[in-house]
Structures are given as structure tokens and as C-alpha cells.
Amino acid sequence: MIKILAIVGTYRKGGIIDSAVDEILSVVEENGGQTEKIYLIDKHIEFCTNCRKCTQSEGEHYGRCFHNDDMEEILQKIENADGLVLASPVNFYNVTAVMRRFIERLVCFAYWPWGKAGAPKLRSKIRSKKAVIVTATAMPAIMQQLFTGAPRILKSIAKLLGAKKIDSLIIGMIAVNERETLPEKYVQKARKAGQRLTV
Ligand SMILES: Cc1cc2nc3c(=O)[nH]c(=O)nc-3n(C[C@H](O)[C@H](O)[C@H](O)COP(=O)(O)O)c2cc1C
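The notes below deal with the structure included here.

Scoring rules and cut-offs
- Residues numbered from 1 in each chain as written.
- Predicted model: local features only at pLDDT ≥ 70, side-chain atom pairs only at ≥ 80, totals over all residues.
- Buried ≥ 20, exposed ≤ 12 C-beta atoms within 10 Å, placed from the backbone.
- Helix = DSSP H or I, 4+ residues; strand = E, 2+ residues; numbered from the N terminus.
- Pairing = 2+ DSSP bridges.
- Core = buried A, V, L, I, M, F, W, Y, C linked by C-beta atoms within 7 Å.
- Contact = placed C-beta atoms within 7 Å.
- Expected span 1.5 Å × (residues − 1).
- Arc of directions from axis to C-beta.
- Axes fitted to C-alpha atoms, helices over the stretch in contact; angles between N-to-C directions.
- Parallel < 35°, antiparallel > 145°, perpendicular 65-115°, else oblique.
- Left-handed = near helix turned anticlockwise from the far one by under 90°.
- Nonpolar A, V, L, I, M, F, W, Y, C, P; charged D, E, K, R; others polar.

Some remarks on the pairing of strand S3 (residues 83-91)
Now for step 1: Counting buried residues along S3, eight of its nine residues qualify, which places the element largely inside the surrounding structure.
Now for step 2: Two strands pair when backbone bridges link them, and strand S1 (residues 3-8) and S3 are joined in this way by five bridges, in the parallel orientation. In the strand pairing of S3, Ala6 is matched with Val85.
Now for step 3: Here S3 pairs with strand S7 (residues 129-136) via seven bridges, running parallel. By the bridge assignment for S7, Val85 is matched with Val132.
Now for step 4: Here S3 hands over to strand S4 (residues 94-95) after two residues, with Phe92 in that stretch at a positive phi of 50 degrees.

Pasting the structure below:
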């Protein structure tokens, strides 16, 4: 049975991002898949301190962090998933702070020892999982792609986590009303993305 894990960086359960993720996951379930959704706001995730202990030892497996929080449990779930949904609203031109805090902790997927010049090296180039990314803005979708870093950072995070981005749901022109429902065209796009995750 295919397992899809959603990692959600919204602050509003039942908001636009959450609804889009639910549509994707419901299609996965209709197709017999198993789903789980993690709201990052519900998790205890400490800030990365840039100590780089987790990047010092070589090897394919992610390095250990000294923090004792919920990150290890989340990373285990990622490892056991066949596909990922990475989702965040766009706040001030990028993913939310709670998503960013999670992302910074993913430096453990790089080998980056002290004393060696150069960029961090991705521990593994294997990309056996599928990923769908979901972002939302008040600005039109095309502007979101051109002027914000959110779709780009979620795509690069998918790669870091061993996944290939197969679809993206770039939601624009929302945030007009306090209680907004996901527009029908995005419901359809979300359902297609769910379908692509399960085939
Ligand atoms: C603090 C804050 C910053 C925001 N920054 C942007 C922005 O830079 N560009 C944009 O188009 N929308 C921006 N928005 C609108 C949000 O992207 C929009 O409300 C969100 O995608 C809705 O997702 P949600 O329903 O999951 O909360 C911002 C909203 C807030 C509250």
C-alpha cells in the first residue's frame, strides 16, 4: 500500500493550504493509499543552531542532531513514506516561519565537515519518492512564481528528502475573505496531483 505523508506549514487548520492538502490526500485514500498529515505548528521543533554536528560524519543516512525534539519522529515518517506533500502559505515572499524552522533542521541531509571549503554535499542522490508542493498567495499565481521563493525552496527540499517533484499546486489570488473555500479550479488541480501521487 502506498504511503503519502503531508508536511504542512500553515497556521490555519481548515484554511486554504489545509483544504488543498486534504483534497490531494482524499484522492490518495480513494485509490487505496494510506495518508498522514503533520501540522508543523503542533510539533516541538527546536531552531537549528548552525553547530553542524549533524553534517560532520560521512554516509548516506542523515546525521544526528543534539536536540531532543519531534524532528527524529518526523524524519522517520519521511523515510517510510513513498510520497510527500510539502505545503506552506507564502508569508512575506517565502514559506512560513514554522516551515522555515523545519527546513533549517534538514541540513542533516548534507555532508559538510568543518575545515573543507565549498558547498554542502547532498548525502544521497537517490530520488525514489514522489513529491507534490503546495503554496498559496494573495498575489496571482504567476507573480508568486516570479517574485517569491516559496515554490523554489519546497522543490529543493523535496530533492533533499529523496523525492522528485511531480506536480505543484501554486494557488494565487486567495486571502480575500476571512473564511475562504478553495476555488474549484484548484480543487481539480489538487485532485489531479493526488492521482499522480498514486499511479
Ligand atoms: C503575515 C502574512 C504575510 C503574508 N505575505 C504575503 C506575501 O508576501 N505575498 C502574498 O501574496 N500573500 C501574502 N500573505 C497572504 C497569505 O499568503 C495567505 O493568507 C495564505 O496563503 C493563506 O493560506 P492559509 O489559508 O493556509 O492560511 C500574507 C499573509 C500574512 C498573514
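This is not the end of the story, as more comes after the structure.
Some details on the nonpolar core
Now for step 1: Within the largest apolar cluster, 45 residues are counted, with the highest numbers of intra-cluster contacts made by Ala20, Val21, Ile24, Leu84, Val85 and Leu86.
Now for step 2: The set of elements that each furnish at least two residues to this core consists of S1, helix H1 (16-30), S3, helix H3 (97-104), S7, helix H5 (150-160), strand S8 (163-171) and helix H6 (184-198).
Now for step 3: By residue number, the principal contributor to this core is H1, which donates eight residues.
Now for step 4: Apart from residues lying up to four places away in sequence, Leu84 is in contact with Leu5, Ile7, Ile78, Lys129, Ala131, Ala158, Leu161 and Ala163.

Some remarks on H6
Now for step 1: Between the first and last C-alpha of H6 there are 21 Å, a value that for 15 residues agrees with the 21 Å anticipated at 1.5 Å per step.
Now for step 2: When H6 is considered as a whole, its buried residues turn out to be Tyr186, Lys189, Ala190, Ala193, Gly194 and Leu197. Mapping the buried residues of H6 onto a view down its axis gives an arc of 145 degrees, with all of them on the same face. Of the exposed residues in H6, those oriented more than 90 degrees away from the buried face are Glu184, Lys185 and Gln188.

Section: the packing of H1 against H6
Now for step 1: Close contact between H1 and H6 brings their axes to 7 Å; oriented N to C, the two are set at 40 degrees. The pairing of H1 with H6 is recorded here as oblique in orientation. Along this stretch, H1 crosses H6, giving a crossing that reads as right-handed. Contact residues: Ala20, Glu23, Ile24, Leu25, Ser26, Val27 and Val28 in H1; Tyr186, Val187, Ala190, Arg191, Ala193, Gly194, Gln195, Leu197 and Thr198 in H6.
Now for step 2: Grouping the constituent residues of the contact of H1 with H6 by class yields 10 nonpolar, four polar and two charged.

Brief notes about H3
Now for step 1: Of all the positions in H3, only Val98, Met99, Phe102 and Ile103 are classed as buried. Buried residues of H3, seen end-on, are gathered within an arc of 140 degrees and therefore sit on one face of the element.
Now for step 2: Buried residues belonging to H3 abut S3, S4 and H5.

Points about unusual backbone geometry
Residues apart from glycine generally show negative phi values, whereas peptide bonds are mostly found in trans.
Now for step 1: Despite not being glycine, Asn50 has its phi angle at roughly 60 degrees, a positive value.
Now for step 2: Among the secondary structure elements, Asn50 is positioned in the loop between strand S2 (34-39) and helix H2 (71-80).

Let's talk about the environment of Met173
Now for step 1: For Met173, the position within the fold is in the loop between S8 and H6.
Now for step 2: Met173 gets classed as partly exposed once you count the C-beta atoms within 10 Å, which come to 14.
Now for step 3: C-alpha separation for the pair Met173 and Gln34, spaced 139 residues apart in sequence, amounts to 31 Å.

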